[in-house]
Amino acid sequence: MKAILAQAALAKAALAGATLLTAAMLLGTSASAQDVAAGERSFNKCRACHQLGETAKNTVGPILNGLFGRHTGSVEGYSYSAANKNADITWDDATFADYIKDPRAKVPGTKMIFAGIKNEQEIKDLTAYLKQFDKDGKKL
């Protein structure tokens, strides 16, 4: 009987250890995943020139609704630089990440004056936030 109880205790301890290990792995994964709330805070850097949402309008910069999958220089009613019109870029995660680090290096001649975001995690968070908005500005 003692042997059975000892085996049960060992099995219970092993299960508890596996549960803790799984939780630690999940926490480690979520720490490196995208954080939409952090992305929204990061968007404050963009807000002076860009808008998002159903009531968004072109201002200093074009609206950013539906950015991913969109071609450069294609927002109706916005006056793009020749550099942006001719950049021949379709926005995806990698292209956006490269661009937002240093817009003038990625598209020489762009009229976007922004020092860039260098932090990889901040870029991922901002990307996750932007991806919430479809082309009509509705949150997905």
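The structure under discussion appears in the preceding block.
Draft legend 1. Structural detail: the overall build of the chain. Of regular secondary structure, the chain possesses six helices and zero strands. Listed by position from the N terminus, the elements making up the chain come as α-α-α-α-α-α. Looking at the 140 residues of the chain, the share that counts as buried comes to 34%. A separation of at least 24 residues holds for 44% of the contacts in the chain among residues at least 6 apart in sequence.

Draft legend 2. Broad picture of the layout of surface pockets. Of the volumes computed, that of the largest pocket is approximately 520 Å³. Along its surface, the largest pocket is lined by 26 residues, and H50, G61, P62, Y99 and M112 are the ones closest to its centre. Residue contributions to the lining of the largest pocket peak at three residues, all from helix α4 (residues 93-101). Grouping the amino acids of the lining of the largest pocket by side-chain chemistry returns 15 nonpolar, eight polar and three charged.

Draft legend 3. Molecular detail of the packing of helix α2 (residues 36-43) against helix α6 (residues 120-130). Between α2 and α6, the shortest axis-to-axis distance is 7 Å and the interhelical angle comes to 95°. As far as their axial angle goes, α6 and α2 are roughly perpendicular. Residue-level contacts link V36, A38, G39, E40, S42 and F43 of α2 to E122, D125, L126, A128, Y129 and L130 of α6. Across the contact of α2 with α6, the residue classes tally to seven nonpolar, two polar and three charged.

Draft legend 4. Here's a closer look at α2. For α2, every residue scored as buried is listed here: A38, G39, S42 and F43. Viewed end-on, α2 has its buried residues packed into an arc of 150°, placing them on one side of the element. The inward-facing, buried residues of α2 contact α6. At the N-terminal boundary of α2, the capping side chain belongs to D35, with an oxygen 3.1 Å from the backbone nitrogen of A37.

Cut-offs used in this document
Residues numbered from 1 in each chain as written. Predicted model: local features only at pLDDT ≥ 70, side-chain atom pairs only at ≥ 80, totals over all residues. Heavy atoms only, no water. Helix = DSSP H or I, 4+ residues; strand = E, 2+ residues; numbered from the N terminus. Buried < 20%, exposed > 50% of the residue type's maximum accessible area, 1.4 Å probe, protein only. Contact = heavy atoms within 4.5 Å. 1 Å grid on protein atoms, 1.4 Å probe; cavity = no way out; pocket = protein on both sides within 12 Å on 5 of 7 lines; lining within 4 Å. Points joined across faces, edges and corners; volume = space filled by probe spheres on them. Nonpolar A, V, L, I, M, F, W, Y, C, P; charged D, E, K, R; others polar. Axes fitted to C-alpha atoms, helices over the stretch in contact; angles between N-to-C directions. Parallel < 35°, antiparallel > 145°, perpendicular 65-115°, else oblique. Arc of directions from axis to C-beta. Polar contact = N/O pair within 3.5 Å; in protein donor to acceptor, adjacent residues only side chain to side chain.

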